[in-house]
Amino acid sequence: MDKIWTEMYKAAIAVKNKRKISEYVTCGGVSAAILSKSGKIYTGVCIDTSSTLGICAERNAIFNMITNGEHEIDKVLCVMSNGSNGTPCGACRELMVQLMPNGKYKDIEIMLDYTSGRTVRLGEITPLWWIK
Ligand SMILES: [Zn+2]
């Protein structure tokens with residue numbers, strides 16, 4: 001397994017900190033690390049609110065990347081509440097496709113199982129985009 005996955009895993013674990021912020025907001029149960037095309041790692045945590053104002057860890061990490069001037073994704077790693085890895089939800093996949101249209105999104109590599117190093121390409125789990 002490429003050592004960048006280890007760096008991404010460590011970065012995601014470093015921000016994973018499940019906590020209650022207020023009576024209406026919890027966060028940090030899920031964390032994500034995004035590797036941009038430039039080679040920088042951006043992290044994010046899930047934010048859950050009682051009125052759907054929250055965000056997935058993946059999109060939070062992607063917005064962190066965009067905030068820092070980048071928009072092309074190379075790899076995605078997510079650490080779920082139970083410590084396993086998860087694939088991005090439909091909303092996160094849609095954002096990645098819209099950020100990198102014309103088939104470029106298909107090469108984004110997603111960690112399915114950090115223990116075994118099993119990955120999948122976004123194109124394999126999102127083969128047909130609704131706009132095309
Ligand atoms: Zn999501």
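Heads up: the structure comes first, above all this text.
Residues numbered from 1 in each chain as written. Predicted model: local features only at pLDDT ≥ 70, side-chain atom pairs only at ≥ 80, totals over all residues.

Asks: Before we go on, may I ask you to explain the overall build of the protein in this structure?
Replies: Within the protein, the secondary structure is distributed over four helices and six strands. Along its sequence from the N terminus, the protein presents helices and strands in the succession α-β-β-β-α-β-α-β-β-α. Since a compact globule built from 132 residues should have a radius of gyration of about 14 Å, the 14 Å found for the protein is in line with a globular shape. Along the first, second and third principal axes, the C-alpha set of the protein runs to 45 × 35 × 25 Å. (Helix = DSSP H or I, 4+ residues; strand = E, 2+ residues; numbered from the N terminus. Rg over C-alpha atoms; globule rule 2.2 N^0.38 Å.)

Asks: Help me understand the nonpolar core in this model?
Replies: Nonpolar side chains tend to gather and get buried jointly when the protein is soluble and globular. Of all hydrophobic cores here, the largest spans 31 residues; its most connected members are Ala32, Ala33, Ile34, Ala57, Ala61, Val76 and Leu77. Those elements that provide at least two residues to this core are α1 (3–15), β2 (25–36), β3 (41–49), α2 (57–67), β4 (73–79), α3 (90–99) and β5 (109–113). Residue contributions to this core peak at six residues, all from β2. Residues within four places of leucine 77 in sequence aside, it is in contact with Trp5, Met8, Tyr9, Ala12, Ala32, Ala33, Asn85 and Met111. (Core = buried A, V, L, I, M, F, W, Y, C linked by C-beta atoms within 7 Å. Buried ≥ 20, exposed ≤ 12 C-beta atoms within 10 Å, placed from the backbone. Contact = placed C-beta atoms within 7 Å.)

Asks: Which parts of the structure should I look at to understand the packing of α2 against α3?
Replies: The packing of two helices is summarised by the inter-axis angle and the distance between the axes. Here α2 crosses α3 at 25°, and the two axes come no closer than 9 Å. As far as their axial angle goes, α3 and α2 are roughly parallel. Taken together, the residues of α3 that come into contact with α2 (itself represented by Glu58, Arg59 and Ile62) are Ala91, Cys92 and Leu95. In terms of residue class, the contact of α2 with α3 is built from four nonpolar, no polar and two charged. (Axes fitted to C-alpha atoms, helices over the stretch in contact; angles between N-to-C directions. Parallel < 35°, antiparallel > 145°, perpendicular 65-115°, else oblique. Nonpolar A, V, L, I, M, F, W, Y, C, P; charged D, E, K, R; others polar.)

What is shown is where atoms sit, not what they do.
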